[in-house]
Amino acid sequence: MAENDYPIEIGGLFKRRVFFQVPQYQRQYCWSVPKELRRYQADLSRIWESYFEDENEQIFLGAVVLHEEPRKGPSKSHSEVTTVIDGQQRLTTIYLTMVAIMEYGFSRGWIEETTSYVSTYLVSDGVGTKGQPLIEPTHLDMNQFNTILGALTDVGVELSPGAGPNTGDMLKAYKFIKKDTFVYKNYERK
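Below is a short write-up of the structure.

Conventions adopted
Residues numbered from 1 in each chain as written. Predicted model: local features only at pLDDT ≥ 70, side-chain atom pairs only at ≥ 80, totals over all residues. Heavy atoms only, no water. Pairing = 2+ DSSP bridges. Helix = DSSP H or I, 4+ residues; strand = E, 2+ residues; numbered from the N terminus. 1 Å grid on protein atoms, 1.4 Å probe; cavity = no way out; pocket = protein on both sides within 12 Å on 5 of 7 lines; lining within 4 Å. Points joined across faces, edges and corners; volume = space filled by probe spheres on them. Nonpolar A, V, L, I, M, F, W, Y, C, P; charged D, E, K, R; others polar. Axes fitted to C-alpha atoms, helices over the stretch in contact; angles between N-to-C directions. Parallel < 35°, antiparallel > 145°, perpendicular 65-115°, else oblique. Contact = heavy atoms within 4.5 Å. Core = buried A, V, L, I, M, F, W, Y, C linked by side-chain atoms within 4.5 Å. Buried < 20%, exposed > 50% of the residue type's maximum accessible area, 1.4 Å probe, protein only. Phe/Tyr/Trp six-rings, centres within 6.5 Å; stacked < 30°, edge-to-face > 60°.

1. Remarks on the sheet that holds strand E1 (residues 18-21)
Within a sheet, each strand pairs with its neighbour through backbone hydrogen bonds, oriented either parallel or antiparallel. On the basis of which strands lie adjacent, the open sheet formed by four strands has the order E2-E3-E1-E4 and mixed pairing. Strands with a single pairing partner mark the edges of an open sheet, and in this sheet they are strand E2 (65-68) and strand E4 (135-136). Judged from the four bridges that link them, E1 and strand E3 (residues 80-86) form a sheet pairing that is parallel. Within E3, the residue paired with Gln21 across the bridge is Thr83.

2. Digging into empty space enclosed by the protein
Using a probe with the size of a water molecule, rolled over the atoms, empty space left in the structure can be pinpointed. In total, this model carries one cavity of 30 Å³ or more according to the counting rule given. For the largest cavity, the calculated volume is near 50 Å³. As for the largest cavity, its lining consists of Phe19, Gln132, Pro133, Ile135, Glu136, Met142, Phe145, Asn146 and Ser160. Of all the secondary-structure elements, those providing two or more residues to the lining of the largest cavity are E4 and helix H5 (142-149). For the lining of the largest cavity, the element with the highest residue contribution is H5, accounting for three residues. Of the residues assigned to the lining of the largest cavity, the class counts are five nonpolar, three polar and one charged.

3. Remarks on the packing of helix H3 (residues 88-107) against H5
Taken N-terminus to C-terminus, the directions of H3 and H5 make an angle of 25 degrees; their axes are 10 Å apart at the nearest point. In terms of orientation, H3 and H5 fall into the roughly parallel class. Touching Tyr95, Leu96 and Val99 of H3 are Phe145, Ile148 and Leu149, all from H5.

4. A short note on the nonpolar core
Among the nonpolar cores identified, the biggest contains 38 residues, and Phe14, Phe20, Tyr95, Val99 and Leu122 are the most heavily contacted of them. When residues of this core are traced back to their parent elements, those giving at least two are E1, helix H2 (33-52), H3, H5 and helix H6 (169-180). By residue number, the principal contributor to this core is H3, which donates nine residues. If we ignore the near neighbours within four places in the chain, the residues touching Tyr95 are Phe14, Tyr121, Leu122, Pro133, Leu134, Ile135, Phe145 and Leu149.

5. Description of the environment of Met142
In this structure, Met142 sits in helix H5. In this structure Met142 comes out as buried when scored by relative accessible area, which is 5%. Distance in space between the C-alpha atoms of Met142 and Gln28 is 9.7 Å, their sequence separation being 114 residues. Other than its neighbours up to four places away in sequence, Met142 contacts Glu136, Pro137, Ser160, Pro161, Gly162 and Ala163.

6. Considerations on the packing of aromatic side chains
Within the structure shown, the criterion is met by four aromatic pairs. With 5.9 Å between their ring centres and 35 degrees between their planes, Tyr95 and Phe145 make a pair best called tilted. With Tyr95 in helix H3 and Phe145 in helix H5, the pair connects residues that are 50 residues apart, well separated along the chain. For Phe145, a relative accessible area of 2% puts it in the buried group.

In structure tokens:
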């Protein structure tokens, strides 16, 4: 990722051989609806409007600080493991938004296209992480993360064992993203 110019577009951030790990010393997912998620929702709405109005407005979603680990193997087919130093709330929320979009695609019967997007944007195809989600939250968020991704196991998403509560801020955020953001409302406009 170091060779990329900044800012990086969302599509350039999530790649099939980049694997984001949130270190265990990071706090659990904690974005809430009245604060961060409403601001995120407003940013997504601006992105959506800009896209359909062909304005090509760049909308800053915030900074993410990453530390790229050396590859574990000599081949470029090995995953690029990247530690999330700062921005894990934002990165996780963007990932959850993509999961919600994929769930919407499956609900509409767009099986082939959505399966392709899942394998391109949500799961790794690198050696050592193949089939795993491109982001690994803190261990204590893993049960909620697995609940959210449970619907995608039929299309090759492998869940990792974890701990933590089965409900909490991450699951609340995902439900908000599905219900109250552009994911369903704006796709219905098309």
